[in-house]
Amino acid sequence: MTRPVLSSFALFALAWFAVSALAFIPTRAFAVPAFAAQTGQACQMCHVGGLGPQLTPYGRSFKIHGYTMRTTPFNVPVSAMVEASYVSTAKNAPEPVAPHYAANDNVTIDQISVFLAGGLGSHLGAFVQTTYDGVGRAYSWDNLDLRAVTTFDIKGAPIVLGTSLNNSPTVQDAWNTLPGWGFPYSGSDLAPSPTTAPLLSGALAQTSIGATAYAWINSELYLEAGGYVSPNARTLTRLGADPTSPGSIEGIAPYGRVAFQKTVGGGTLEVGAFGLQSSIHPGLDRKTGATDHYTDLGLDGSYFMTLANSDVVTVNARYLHERQSLDATCILAVASNCAHNNITDIRADVSYYWRDKIGGTVQVFDTFGSANAAIYAANRIPDPDSTGVTFQIDATPFGGMSQPRRRVNVRVGLQYTLYTKFNGAATNFDNQGTSASDNNTFRVFTWFAF
């Protein structure tokens, strides 16, 4: 039965949002607390709004410098994070989306993470995250980014040379335009999402391992190149990852990135490009002798500005186009004329943070591509098209507090995602009478870091 998204339980969740803002008031606060303790800076120095992955220009520099910048001689490089939420969709699911949950109106611990995060001397740094998935009720390795850097000058121009060992293409990136750290910065596995996206939008996260080398020239030009491979299935299983999705990389998948950053109009403008080329054995199958080939190429841009009253405005945009040659998948599906496809994903978001504490963000997204009856057999209209808008308001009242202070931070927020098209159509997209708007999702979340 279709019903208003704001149910009686949602009204309770709104109350929870308000109470969280008051009841969990620490006297001091930080974003990733280990980094805040290391730098002696307030969370707002590195993070827009004082918490979360969205970085300021200073935060980008800290990451590119390998997490090595510090003002304290020593700090404990350990932090933790807990995310909890209430999730409600416009229509009840035919069955619960996960064991131990109802068909709708669920309260859950989304994740609990522990971080090893910090610099070792002036050349080595790490960001290592392990996570307990509260929905799946399982542990796994999460984001990994190990860095080695060196700095020098050429004719007065500062140069940073670095390497990154990481487990997800784009997780090492310092801008919030690429998939690794793009909006929304907080989500729940209980929320419905389209089934199709480009490979570079996260399919290789935690199922690959890669090494890249980069140069940051005069704090303006960023160049990066490297490659990714698949660890063996047994290793991935022990790390809590699914080795069959999307499958194993054949050989090395090359990755490249270029970005240019410049002060423009009182703010910081970035424009760039990125790409990944990969050959995948789907589901670890090697009997066919074929692979699926993916070429992902994209453009991105961002703008950051701090206004005179400490308000912050950000804009992030990404265009990603993927060409597919799904030879192995078509053999496994015993289908002809299904190999050559394309997917395009376009996303743009705008944020405004009052006093860099209370913010609102709007993101529009549009995923579309070629029709294929074999690949999209579950869709009434056999294409990957999904479009919509996500709205979010959040508050992080203590992100401006500086060190030395208690290592606690909190963000509370409301999030609403509206779909105008889902898995190929606006109405009856699954041949079961389900409309795209039935997946409209209201979420209340609380995010603690300590």
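Please refer to the structure higher up on the page.
Quick caveat, the model's predicted, so the values are computed rather than measured. (Residues numbered from 1 in each chain as written. Predicted model: local features only at pLDDT ≥ 70, side-chain atom pairs only at ≥ 80, totals over all residues. Heavy atoms only, no water.)

Student: Which parts of the structure should I look at to understand the nonpolar core?
Tutor: Proteins that are soluble and globular tend to have nonpolar side chains buried together. Residues Phe 35, Phe 62, Tyr 67, Phe 115, Ala 117, Phe 127 and Trp 447 are the most contacted members of the largest nonpolar core, which totals 15 residues. Only helix H2 (33-39), strand S2 (106-120) and strand S17 (441-449) provide two or more residues apiece to this core. It is S17 that contributes the most residues to this core, three residues altogether. Setting aside residues no more than four positions away along its own chain, Phe 62 makes contact with Phe 35, Gln 38, Thr 39, Cys 46, Tyr 67, Thr 68 and Met 69. Ranked by size, the runner-up nonpolar core spans 14 residues in total, among them Leu 199, Ile 249, Leu 276 and Ile 280. (Core = buried A, V, L, I, M, F, W, Y, C linked by side-chain atoms within 4.5 Å. Buried < 20%, exposed > 50% of the residue type's maximum accessible area, 1.4 Å probe, protein only. Helix = DSSP H or I, 4+ residues; strand = E, 2+ residues; numbered from the N terminus. Contact = heavy atoms within 4.5 Å.)

Student: How do you make sense of the layout of surface pockets when you look at a structure like this?
Tutor: Rolled over the atoms, a probe sized like a water molecule indicates the empty space that remains. Volume-wise, the second largest pocket comes out at about 590 Å³. Contributing to the lining of the second largest pocket are 31 residues, with Ala 93, Pro 94, Pro 192, Phe 429 and Asn 439 lying nearest its centre. (1 Å grid on protein atoms, 1.4 Å probe; cavity = no way out; pocket = protein on both sides within 12 Å on 5 of 7 lines; lining within 4 Å. Points joined across faces, edges and corners; volume = space filled by probe spheres on them.)

Student: Hey, could you run me through the packing of aromatic side chains in this one?
Tutor: What characterises a pair of aromatic rings is the spacing of the ring centres plus the angle enclosed by the ring planes. Tallied over the full model, the rule gives 18 aromatic pairs. On the numbers, 5.5 Å between centres and 70° between planes, the contact of Trp 175 with Tyr 222 is edge-to-face. Of this pair, Trp 175 sits in the loop between strand S5 (157-166) and strand S6 (209-217) while Tyr 222 sits in strand S7 (residues 221-229), and the two are 47 residues apart along the sequence. Plain terms: the ring middles of Tyr 419 and Phe 422 are 5.0 Å apart, the flat faces sit at 90° to each other, and that makes the pair edge-to-face. Across this residue pair, the class does not change: Tyr 419 and Phe 422 are buried. Site record: aromatic cluster; members linked through ring pairs are Phe 35, Phe 62, Tyr 67, Phe 115, Phe 127 and Trp 181. (Phe/Tyr/Trp six-rings, centres within 6.5 Å; stacked < 30°, edge-to-face > 60°.)

Student: Hey, could you run me through empty space enclosed by the protein in this one?
Tutor: Tallied over the entire structure, the rule returns four cavities of 30 Å³ or more. There is about 50 Å³ of room inside the second largest cavity. Lining of the second largest cavity is provided by Asn 176, Thr 177, Gly 182, Phe 183, Asn 316, Ala 317, Arg 318, Arg 347, Asp 349 and Gln 363. Counting only elements with at least two residues in the lining of the second largest cavity, the list comes to strand S12 (312-326) and strand S13 (340-354). Considering each element in turn, the lining of the second largest cavity owes the most residues, three residues, to S12. Grouping the constituent residues of the lining of the second largest cavity by class yields two nonpolar, five polar and three charged. (Nonpolar A, V, L, I, M, F, W, Y, C, P; charged D, E, K, R; others polar.)

Purely geometric numbers; function is a separate question.
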